[in-house]
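So the chains spell out like this:
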Amino acid sequence: MAEPVRARRLTDHEGQTLQRLVRRGKHGSIRVRRALIIMASASGTPVPAIAQLVAVDEDTVRDVIHAFNERGLDALDPKWAGGRPRLITGDDEAFIVATARTRPEKLGRPFTHWSLRKLAAYCEGNPTRHVRVGRERLRQILHHHKISFQRTRTWKESADPDREAKLDRIEEVTTRFPTRCFAFDQFGPLSIRPCHGTAWAQRGRPDRLPATYRRTHGIRYFHGCYSLGDDLLWGITRTRKGGDNTLAALKSIRSARPDGAPIYVILDNLSANKTPAIRAWATKNKVELCLTPTYASWANPIEAQFGPLRSFVMGNSNHPNHTVLARKLQAYLRRRNANARHPDILAAQRRERARIRSEKQRRWGRPATEAA
């Protein structure tokens with residue numbers, strides 16, 4: 001008579017692992033049921049009792065016990081291999097993924113992107129590596145490797161040779177001279193049309209805006225000025241961009257600091273912002289123009305201030321004309337500046353940022369610059 005089937009003695013690691021699975025796992029899962037079979041068998045429970053405990057056949061219990069005695073805890077994850085053997089190897093999958101990430105034109109195909117049918121045909125007819133795969137299996141492989149069918153995107157990188165020098169200067173003036181640092185930029189173009197936005201509404205009944213097809217009001221540009229030290233934003237609406245309008249905005253910035261001390265104005269690298277007249281006036285009035293690098297307008301501090309303008313004045317609006325739009329902009333600016341942060345709070349925040357920056361510079365062995 002054959003001896004009863006029983007799991008071998010458990011090690012401490014095996015016992016702790018099985019106990020954790022039985023206590024914390026989901027009892028409907030295969031791992032927990034197999035762990036329960038192994039634990040019960042190792043503790044001396046006979047096979048018929050285990051089969052009744054987990055509601056399976058006795059032969060299944062014996063198979064699990066034999067698998068554990070042979071492979072250890074790997075028996076918790078059965079490797080059922082039903083159906084025909086796998087025909088696509090790991091190297092074949094790597095070839096498929098590399099091909100999907102390559103533009104078809106580089107592989108001699110007269111189209112700009114792959115479809116599943118075209119990719120499968122190329123893999124099957126490739127003379128170097130012949131991989132026969134169906135479209136559904138091909139889709140599954142691409143999904144497993146996190147490759148999806150997406151729209152292309154554009155990107156820009158600054159080709160300005162003085163990019164680093166300009167960014168360093170902007171960082172220096174905003175750090176050392178925040179009370180004498182200003183920013184200027186044009187916000188627009190602003191057109192008279194219904195602008196979608198967001199608003200609270202009953203679920204399934206969003207606010208609706210009329211559609212327009214004839215737009216006869218033209219466009220405008222908001223020339224905005226921002227004081228970093230006082231956290232104040234002001235500006236005026238103009239019909240166009242131009243050197244004369246930029247000069248007028250710079251003069252309003254200079255008048256905000258009438259003490260004659262040098263000031264620093266951060267503005268985009270636009271031709272209308274650096275005309276000979278503007279440069280001559282800036283030199284005469286102690287105004288340093290800190291130009292942002294090409295395609296790097298994100299370095300201008302005023303860009304972040306235009307976000308609320310776009311959201312709370314332009315978004316979810318349908319202004320009848322530019323006069324009303326200009327009034328709405330000025331009303332928002334008055335409210336914004338009236339609720340600006342207190343200068344003492346801003347000064348305390350600047351000191352805290354300077355302290356943190358100084359600590360980081362000492363930590364990395366860089367000399368710390370003293371705030372003016």
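Residues numbered from 1 in each chain as written. Predicted model: local features only at pLDDT ≥ 70, side-chain atom pairs only at ≥ 80, totals over all residues. Heavy atoms only, no water.

Draft legend 1. Fine view of the overall build of the chain. Along the backbone of the chain there are 13 helices and five strands. Put simply, the chain has 372 residues, and 34% of those count as buried. Taking the contacts inside the chain whose residues are at least 6 apart along the sequence as the reference set, 66% of them involve residues at least 24 apart. Roughly 24,900 Å² of accessible area belongs to the chain as shown, and the carbon and sulfur atoms make up 51% of that amount. (Helix = DSSP H or I, 4+ residues; strand = E, 2+ residues; numbered from the N terminus. Buried < 20%, exposed > 50% of the residue type's maximum accessible area, 1.4 Å probe, protein only. Contact = heavy atoms within 4.5 Å. Areas by Shrake-Rupley, 256 points an atom, 1.4 Å probe, with all protein chains shown as cover.)

Draft legend 2. Structural view of the packing of helix H2 (residues 30-42) against helix H4 (residues 58-71). Packing of H2 against H4 leaves a shortest axis separation of 10 Å and a crossing angle of 80 degrees. Overall, the two elements H2 and H4 adopt an arrangement that is roughly perpendicular. Every residue of H4 that contacts H2 at Arg 34, Ile 37, Ile 38 and Ser 41 is listed here: Val 61, Val 64, Ile 65 and Phe 68. (Axes fitted to C-alpha atoms, helices over the stretch in contact; angles between N-to-C directions. Parallel < 35°, antiparallel > 145°, perpendicular 65-115°, else oblique.)

Draft legend 3. Molecular detail of the pairing of strand S5 (residues 287-291). Summarising burial for S5: four of the five residues are buried, a large majority. For the crossover that starts at strand S4 (residues 263-267), traverses helix H10 (residues 276-284) and ends in the parallel S5, the hand is right-handed. (Right-handed = clockwise from strand over helix to strand, strands pointing away.)

Draft legend 4. Looking closely at the confidence of the model for the chain. For the chain, per-residue confidence averages 85 on the pLDDT scale, and residues scoring 70 or more make up 90% of the total. Here residues 366-372 is modelled with pLDDT under 50, and outside its nearest four sequence neighbours on either side it reaches twelve contacts, counting other chains as well. (pLDDT = per-residue confidence, 0-100.)

Draft legend 5. Spatial organisation of the packing of aromatic side chains. Under the criterion given, the structure shown has six aromatic pairs. Ring centres 6.5 Å apart and planes at 75 degrees place the aromatic pair Phe 222 and Phe 306 in the edge-to-face group. Of this pair, Phe 222 sits in strand S2 (residues 219-227) while Phe 306 sits in helix H11 (residues 302-314), placing them 84 residues apart in sequence. (Phe/Tyr/Trp six-rings, centres within 6.5 Å; stacked < 30°, edge-to-face > 60°.)

Draft legend 6. How the structure looks around the sheet that holds S5. Taken in spatial order, the five strands make up an open sheet running S3-S2-S1-S4-S5, and their pairing is mixed. The open sheet terminates on both sides in strands that have one partner only, identified here as strand S3 (232-238) and S5. The mean inter-strand angle of the sheet, taken between neighbouring strand axes irrespective of direction, is 25 degrees. Pairing of strand S1 (residues 181-191) with S4 involves three bridges; the strand directions are parallel. Bridge assignment links Cys 181 to a residue of S4, and that residue is Tyr 264. Across the sheet, helix H9 (residues 243-256) lies against S1, S2, S3, S4 and S5, angled at about 140 degrees from S1, the strand it touches most. With respect to the sheet, H11 is in contact with S1, S2 and S3, its orientation differing from that of S1 by roughly 35 degrees. (Pairing = 2+ DSSP bridges.)

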